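So you can see what is in the structure, the chains are spelled out below.
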4 protein chains.
Amino acid sequence: MIINEKYQSIRQQTIDFCSHLHPEDYAIQVVKFASPAKWHLAHTTWFFETFILKAELDGYVEYDSNFNFLFNSYYNNVGSRVLQSNRGNMSRPSTNTIFAYRDYVDKHMLDFFETNPKQKLLDLVDLGLNHEQQHQELLITDVKYMLGHNALFPVFNKDFNLVKDKNTAVDTVKISADVYKIGYQDRGFCYDNELGVHKVYVPDFEINNFLVTNGDYLAFMEAGGYSDFNLWLDEGWAWVNAEQIKAPMYWHQIDGEWHVYTLSGLQKVDKNAVLSHINFYEANAYAEWKGMRLPTEFEWEVAAQKLDWGKRWEWTSSAYLPYPNFVKENGAVGEYNGKFMSNKMVLRGASVATSQNHSRKTYRNFFHPSERWQFTGIRLVK
Amino acid sequence: MIINEKYQSIRQQTIDFCSHLHPEDYAIQVVKFASPAKWHLAHTTWFFETFILKAELDGYVEYDSNFNFLFNSYYNNVGSRVLQSNRGNMSRPSTNTIFAYRDYVDKHMLDFFETNPKQKLLDLVDLGLNHEQQHQELLITDVKYMLGHNALFPVFNKDFNLVKDKNTAVDTVKISADVYKIGYQDRGFCYDNELGVHKVYVPDFEINNFLVTNGDYLAFMEAGGYSDFNLWLDEGWAWVNAEQIKAPMYWHQIDGEWHVYTLSGLQKVDKNAVLSHINFYEANAYAEWKGMRLPTEFEWEVAAQKLDWGKRWEWTSSAYLPYPNFVKENGAVGEYNGKFMSNKMVLRGASVATSQNHSRKTYRNFFHPSERWQFTGIRLVK
Amino acid sequence: MIINEKYQSIRQQTIDFCSHLHPEDYAIQVVKFASPAKWHLAHTTWFFETFILKAELDGYVEYDSNFNFLFNSYYNNVGSRVLQSNRGNMSRPSTNTIFAYRDYVDKHMLDFFETNPKQKLLDLVDLGLNHEQQHQELLITDVKYMLGHNALFPVFNKDFNLVKDKNTAVDTVKISADVYKIGYQDRGFCYDNELGVHKVYVPDFEINNFLVTNGDYLAFMEAGGYSDFNLWLDEGWAWVNAEQIKAPMYWHQIDGEWHVYTLSGLQKVDKNAVLSHINFYEANAYAEWKGMRLPTEFEWEVAAQKLDWGKRWEWTSSAYLPYPNFVKENGAVGEYNGKFMSNKMVLRGASVATSQNHSRKTYRNFFHPSERWQFTGIRLVK
Amino acid sequence: MIINEKYQSIRQQTIDFCSHLHPEDYAIQVVKFASPAKWHLAHTTWFFETFILKAELDGYVEYDSNFNFLFNSYYNNVGSRVLQSNRGNMSRPSTNTIFAYRDYVDKHMLDFFETNPKQKLLDLVDLGLNHEQQHQELLITDVKYMLGHNALFPVFNKDFNLVKDKNTAVDTVKISADVYKIGYQDRGFCYDNELGVHKVYVPDFEINNFLVTNGDYLAFMEAGGYSDFNLWLDEGWAWVNAEQIKAPMYWHQIDGEWHVYTLSGLQKVDKNAVLSHINFYEANAYAEWKGMRLPTEFEWEVAAQKLDWGKRWEWTSSAYLPYPNFVKENGAVGEYNGKFMSNKMVLRGASVATSQNHSRKTYRNFFHPSERWQFTGIRLVK
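Residues numbered from 1 in each chain as written. Chains lettered and ligands numbered in written order. Predicted model: local features only at pLDDT ≥ 70, side-chain atom pairs only at ≥ 80, totals over all residues. Heavy atoms only, no water.

**Student:** How would you summarise the pattern of salt bridges if you had to cite specific residues and measurements?
**Tutor:** On inspection of all chains with the given rule, the structure shows 88 salt bridges over all chains. Between D25 of chain B and R92 of chain A there is a salt bridge, with the nearest N and O atoms lying 2.6 Å from each other. In this pair, D25 of chain B sits in the loop between α1 (3–18) and α2 (37–56) while R92 of chain A sits in the loop between α3 (67–71) and α4 (95–114), so the two residues belong to two different chains. R92 of chain A shares its class with D25 of chain B; the two are buried. (Salt bridge = Lys/Arg side-chain N within 4 Å of Asp/Glu carboxyl O. Helix = DSSP H or I, 4+ residues; strand = E, 2+ residues; numbered from the N terminus. Buried < 20%, exposed > 50% of the residue type's maximum accessible area, 1.4 Å probe, protein only.)

**Student:** With reference to specific residues and values, describe the packing of helix α6 (residues 214–222) of chain B against helix α8 (residues 280–290) of chain B.
**Tutor:** Residues and elements named next belong to chain B. It is at 11 Å that the axes of α6 and α8 come closest, and there the two elements cross at 80°. In this view, α6 runs roughly perpendicular relative to α8, as classed from their interaxial angle. Only E282, A285, Y286 and W289 of α8 make contact with α6, whose side of the interface consists of D216, Y217, A219 and F220. By residue class, the composition of the contact of α6 with α8 is 6 nonpolar, no polar and 2 charged. (Axes fitted to C-alpha atoms, helices over the stretch in contact; angles between N-to-C directions. Parallel < 35°, antiparallel > 145°, perpendicular 65-115°, else oblique. Contact = heavy atoms within 4.5 Å. Nonpolar A, V, L, I, M, F, W, Y, C, P; charged D, E, K, R; others polar.)

**Student:** Can you lay out the arrangement of the chains for me, pointing to particular residues and giving the numbers?
**Tutor:** Separated in space, chain A and chain C share no contact, their closest pair of C-alpha atoms being 15 Å apart. Regarding chain B and chain D, which are not in contact, the minimum distance between any of their C-alpha atoms is 15 Å.

**Student:** I'd like to hear about the interface of chain D and chain C, residue by residue, with values.
**Tutor:** By a widespread convention, an interface's size corresponds to the accessible area lost as its parts come together. Contact with chain D, which involves 29 residues of that partner, is made by 29 residues of chain C. Here chain D meets chain C over a buried area of about 2,300 Å², counting both sides, of which 57% is carbon and sulfur. Area buried by chain D at its contact with chain C is led by E24, R92 and L152 of chain D, which between them contribute 33% of it. Counting across the interface, chain D meets chain C through 2 salt bridges. Across the chain D-chain C interface, the total number found is 8 residue pairs in polar contact (both at pLDDT 80 or more). Put simply, the parts of the chain that give the side of chain D that touches chain C at least two residues each are α3 (67–71), α4 (95–114) and α5 (119–148) of chain D. (Buried area = accessible area lost by both parts, 1.4 Å probe. Polar contact = N/O pair within 3.5 Å; in protein donor to acceptor, adjacent residues only side chain to side chain.)

**Student:** Could you give an account of the side chain of Q136 of chain A, naming the residues involved and the relevant values?
**Tutor:** Residues and elements named next belong to chain A. Looking at where Q136 falls in the secondary structure, it is placed in helix α5 (residues 119–148). Within the local environment of Q136, its side chain forms a polar contact with the side chain of T14, the two groups lying 3.0 Å apart. Here the side chain of Q136 touches S355 through a polar contact of 2.5 Å, side chain to side chain. If sequence neighbours within four positions are ignored, Q136 has contacts with I10, Q13, T14 and S355.

What follows is the structure in structure tokens.
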């Protein structure tokens, strides 16, 4: 696809998702880690304005000089910014203004494409589009968090069916011990944290070709999984007790029956569906209970070609650390991934909310072990 | 005015103020003590639905059974409710739904008036209308807080001029010591906390017939008022240091000059205008600095007939406590005032944001000594 | 008693109490508001060193220049100081060093008395001795708090019987409405907050000549007092719920029977004994439940001559505010009382832990309404 | 050494260290993560009483049944326990009682050794002794933390010289890429987290045979290391800003010169001495500034034979995760290490405070990346 069509197509997907939002839905931040829809719309636009238009397009006039402060996320190199926990305090600029901002930037981006830009700049556009796709997924999970914590359990869109979520395979995959090459080796787009191809010794292992289901996890719950401290990491056990956790996020027991909030509303839990919205502590405790374990990210990557994956972000047992030979780029773009490499675990795969064409087997997603508002799942290894 | 006209008139004033809000403005809660506009709109309506329509109108069908949970403020007698700090998490029900709720309840209230209700119920309607007027003032101060803490300092309405805020008098009023009667003695509406007429011995005193101005307060600031601990109450001094307070709320020093945020935007501080947005600790420190003091609420009430008052809520030196013979009503209405009688100070007067016909000289407003988002001011006594 | 004997006698009482402490007991701070014994010993000594010896005794050599920083409590005029919540972090200077400090200062104080000091300085010594007596009471209540929160419920001294705590009277006292003079009018020592004699109109009232007993309060508990929100002030209800309060401080239900921790160990609750260790919210809720009320501090003072008082600090319904004509002294001594006049309630009387000769009917004790580690009680008024 | 002699020798080392403590030093807990000396003394004793004497010695009579509650650290399998942050609230049992407890348990342990116990039990004794040695190191670092945060900077023991802390080597060590075996392969004592010998592919690398010195780190500080966000992990940067960090722990700038608190008192920083008391974020930022990196724990272990190590706990770039084939033991002993495997980084080496015979090249120490009260250091890799 040529760049201007690709640009327009990806940018449009963000807008399409928003068509089901009410005006007030755009503005609210319920929890620190989930940003308002308005902010996602503006921030992804700010990325193109800041790194392409202001930097590279002659004569470009900034849309509004306040926006750099308002819509910078975490790029210290680009100046000061609104604290993440205050993003929901901004009723202004209005959503209408932000849509106008998107239009303005899009129009100039199309102009920019006419200038026949160098490959290096097109690579930066590609980073911006991948960035937008990441925020498309966050937009879904953040809206779900907001509506799922509303006492009315509102239906976002009754036809919105994110879930292709039954296992299709029942077998396991066996891999032989060897030294394998890990990391992105193709020529397309990837993030810097996938680079630094390197060798890793991987032992013999056998990995499930299917994910843990709601029914499997209910068995763990019913066996007292949430009250047996021997199954839990120390921090996980503290979390279970402090938050009084009894079930995955979005699960509610109503008249003795488990229900789950989805973007199409509250539904009975389908035991055959793939489990979602558990954190690393829960994934690890479940594995412990089964007498199995989570895969390392290297095992996962080695096995990936033979696996049926792509419905859930799968917790691995690997901490998110730099690959040998990891090189941060200079300046703001270098802040994209590297600085988050502490106290996070790697997730591999892709979820039902992941944008199309935004997954690959070397992709390293990462979250703090306590987080569970993403569409996360469990795959076990023996 | 007959009751249905009065009802419609007061209800309409709430709507009129909202005409300048953008859709996102309705939904956001920036700080625990300031509720979203949407919530004010719904809660004042809930009051009439709960205490009149559901209780007294035969055949009335509740608009939505969830609303009792969502829009109860603090009435424990009426069931569980959303925590005050979570009111801003509700993007739904939408503002449109809440306007429909208002219309529905208003229509039934008009029907109710046709039933020729007893005086006791009309008194309850009166309480509801006074309640709505209180929320009209909170609506203004809460919207001001939200926009005033937005980095863009948005103009709410450039023609919105709340401020008739120059002193007109320059004299003082002398009162002779005597035993005076305190409390509401007329036949109109008043709150329960004004009742219990009782005698209070009031000493000789001389009270200013004017309020402290911005210029007066600037002199205090420039004399180091915020850094001289001898002027401050212990809790006030802790607050100044913890919050690094240097000026009244909404004041910003820009290029060496003091500006103040107003609902018509950021303006230079007018030294002749009456000071606003200071808390009790600041009022008390200022009085200390001047070698004067704040009036007691009894002194204020005794002097009120001779005073030019009504631009600011004036901090008194009286704690908010029950009058002798204070009687709480039974049930939810009894929760209106009495249970807040600890750790608050009484304010007398009325502010530029107070609804018309919602002030009287026996009115006892009350806030925690640290609060300053209301239009508060200082009157001194010798 | 001549001054040097009086000085030695009061200073010795502090030491006597400490004879039952173990070495580790001196050092620990369990909670922000309760200081370690070591700190009380040093701070009361620091008072004499700072305000008398360093200021007035020629040639006096400071014991240790660090002590001003370590043992200043809250006197901003005397320089910076250790935060109250960090007093328990100081294992050094050792208790032995602090006893040596006391000896050193005492020796120089006796020298000072030989210099035939002026009355103004003797008044300051008197303030220091009253200050020491206040800390003697705090020493008792702070040690009780520390040991009472130790899982072993240690016996401080099995013969330590603070409690002369049965009511002796059963009658009530009637007072006629009139304008009364309030405040200290004698010639002896009093605190500045008792001065400013002034007139107060006090209505007719009838006050109990006895305090609420454990048995009375148990009836309130058994009637569901802690779960009926209508009885509670809003802040009190929040406190009950946040802290899951079910009984007075130091009460423990063991095998279905109520016990109470005392300095002579854990004992069964004696229903005839006078209730202790309840806060203002509890006192107020109890009064509400009885259909009575707490006295104002003015009523209490007017009735005091006819009352049997002195076993408990009795919560009044009066906020702690300056009397008319209250004058703060200049400098550090002026910080003694005045700056605490917000968000506190007045208690009148004296407790079983109050030092001898340290009570009078005009004495205004004050604590935040939530505090209950003092020996507090309830007297009711109709 | 035969077991009873070894037991007595290691137990005595704990006592020896304490000979310099003042009575109050035993009782205080300054910060959540640093336990009082008294608690260390009791807890190490509790370990032997619980896992050996109560479990295995016929007719053993428990010293005090409360001690299981008081001195359990984190073993959920052994019942409820005092929260770590409340360990400093216990003035009782007194230090004397705890020494008596040690004597009692020691006497019975010697009896136990006479019973000719099975190897499995002797292994458990060995675990207990290694456990005691770990607490000997914590005792030193916790006492240092307490005294180092006392405004008097007390000298613990002026002859206490923990520091053999100059680098002796100046060279680097080169290692060739290969698949290496990692984990403990000898027959002596090791922790469970070192077991599960497994292969790891390690690339070519060159590692310094010396640690970063104070002088090296001063250069980083003077070059603005603490204010250049590009050098820091995101969480590290947040920590630097929240805590206003400007230097390693225990460093104080006095009259323009850097000093450091040591157990022999405050001293000028020696530029040639090895740096200590920095956390992982600081270690990582320093490496970033040097254009180098920290070693992985595998690189460290492979290189260890050729390295001069043992003065500091050296931060590695490896997260603390289970080795392949890691097996937790059943019951309480299984809680020793495994449950801490999240959000920690591995440190290798040994520090000046590490007990003799308590280090080996496969030892995996672990702390949260923000912690720096241990004697931690930095070794760099190219």
